[in-house]
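A structural walkthrough
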Amino acid sequence: MRFKQRVALITGAASGIGLATVKQLIAEGATVVGTDINQDELSQVAVDTGSQFIPYYSDAGDITQIEPLMAMIETKLGQLDVLVNNAGIARFANPETVETGNYDLQMNILVKGPVFMVKHATKLLRASSNGSVVNIASVAARMSLSHSCPYGLAKAAIWKFTEDCVVTVPGVRHNAVLPGFIHTPIIEKSYTAAATARILDTVPKIVPAGRMGTAQDIAHAICFLASDEATFINGAHLVVDGGLSRVSPLG
Ligand code: NAI
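Residues numbered from 1 in each chain as written. Predicted model: local features only at pLDDT ≥ 70, side-chain atom pairs only at ≥ 80, totals over all residues. Heavy atoms only, no water.

A few points about the site of the ligand
Surveying the vicinity of the ligand reveals 31 residues, the closest of which are Ser15, Asp36, Tyr151, Thr184 and Lys189. One nitrogen or oxygen atom from the main chain of isoleucine 17 is found 2.8 Å from an oxygen atom belonging to the ligand. Within the backbone of glycine 180, an N or O atom sits 3.3 Å from an oxygen atom of the ligand. Put simply, the parts of the chain that give the shell around the ligand at least two residues each are α1 (16-27), α5 (151-168) and α6 (185-190). (Near = heavy atom within 4 Å. Polar contact = N/O pair within 3.5 Å; in protein donor to acceptor, adjacent residues only side chain to side chain. Helix = DSSP H or I, 4+ residues; strand = E, 2+ residues; numbered from the N terminus.)

This is the structure:
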């Protein structure tokens, strides 16, 4: 029970990595506040998980919604020990096709929201005996995918922000997880059916682990970094990609 009497806040809690992390944190004793823009799915998570889960409908890209969220946590729960900036979308383009709406949407959800979450969560996190932020970046922060503008840029930015916070926001630990290809609904939401089928077929042949990642693979990494087992880990990035980013085209 690594998270007994701990309170965690996770964005994008209704699906995929967020949902798997909610379930693991709850299984290990935490009370979890989960945000999402998908109200129906978030309500279903509350039904499925019970009283340790507090659903909070909110848009991770709208920073005006953060202060009311923190006020609710302070009033209702009185503490915050873990913040997981996880909410995300992937709307792929390249620099010749990217449009301002798509650019702003992704940068708001993947970078601006997490930055201001840290701003407003720090007071409570610092009061914790093991206050910690885990930001979900991506191997797209390090690998140059042909269509990853501005997704890869945004993920590199949040990774850099994580490292800077070690110095700029002392008293709280800051770590990042960089997932590889993880089979969650974001794949089908982001790629055409043909491209999805190609990914599901090709990735297991390329990745040394021989399979796509699972949401649970990432939840394990997040929970480790947020736990008391990781109190000396600060400013780390944990690549969880089955070895994908170590593969050389030369063999
Ligand atoms: P998912 O699509 O299963 O879950 C994302 C959740 O975020 C959904 O519940 C969605 O409703 C929510 N969300 C989207 N926009 C939101 C907003 N504006 N405000 C609040 N909630 C919002 O996707 P998955 O795979 O679980 O993604 C989680 C994170 O992991 C994302 O940041 C993603 O970029 C990152 N990631 C995922 C990888 C993968 O292969 N699945 C690889 C690398 C990173």
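Observations concerning the pairing of strand β5 (residues 132-136)
Extensive coverage of β5 is indicated by the burial of five of its five residues. Direction of pairing for strand β4 (residues 82-85) relative to β5: parallel, over a ladder of four bridges. Bridging across to β5, asparagine 85 finds its partner in asparagine 135. Each parallel crossover has a hand, and for β4 linked through helix α4 (residues 100-127) to β5 it is right-handed. Taken together, the five bridges between β5 and strand β6 (residues 173-179) define a ladder with parallel strand orientation. Within β6, the residue paired with serine 132 across the bridge is arginine 173. Between the parallel elements β5 and β6, the chain passes through α5 in a crossover that is right-handed. (Buried < 20%, exposed > 50% of the residue type's maximum accessible area, 1.4 Å probe, protein only. Pairing = 2+ DSSP bridges. Right-handed = clockwise from strand over helix to strand, strands pointing away.)

Describing the sheet that holds strand β7 (residues 237-240)
Strands sit in the order β3-β2-β1-β4-β5-β6-β7 across an open sheet of seven strands; the sheet is parallel. Because the sheet does not close on itself, it has two edges, and the strands there are β3 (53-57) and β7. Averaged over neighbouring strand pairs, the angle between their axes works out to 15 degrees when direction is ignored. Pairing analysis gives three bridges linking strand β1 (residues 7-11) to β4, with the strands arranged parallel. Each bridged residue has a counterpart across the sheet, and for leucine 9 the counterpart in β4 is leucine 83. Sheet strands in contact with α5 are β5, β6 and β7, and its direction is about 155 degrees off that of β6. Helix-sheet contacts for helix α8 (residues 215-226) involve β4, β5, β6 and β7, and the interaxial angle to β6 is about 165 degrees. (Axes fitted to C-alpha atoms, helices over the stretch in contact; angles between N-to-C directions. Contact = heavy atoms within 4.5 Å.)

Overview of the environment of proline 204
Within the fold, proline 204 resides in helix α7 (residues 193-206). Overall, the relative accessible area of 23% leaves proline 204 in the partly exposed class. Taking the C-alpha atoms as reference points, proline 204 and alanine 90, separated by 114 residues in sequence, lie 21 Å from one another. Aside from chain neighbours lying at most four places away, what touches proline 204 is Ile199, Gly210, Arg211 and Met212.

Regarding the packing of α1 against α8
Remark: α1 packs on α8, axes separated minimally by 8 Å, with the N-to-C direction vectors making an angle of 55 degrees. Regarding the angle of α1 to α8, the classification is oblique. The two elements α1 and α8 meet at a crossing, and its hand is right-handed. Facing Gly16, Ile17, Ala20, Thr21, Gln24 and Leu25 of α1, the residues of α8 in contact are Ala215, Gln216, Ile218, Ala219, His220, Ile222 and Cys223. Taken together, the residues of the contact of α1 with α8 sort by class into eight nonpolar, five polar and no charged. (Parallel < 35°, antiparallel > 145°, perpendicular 65-115°, else oblique. Left-handed = near helix turned anticlockwise from the far one by under 90°. Nonpolar A, V, L, I, M, F, W, Y, C, P; charged D, E, K, R; others polar.)

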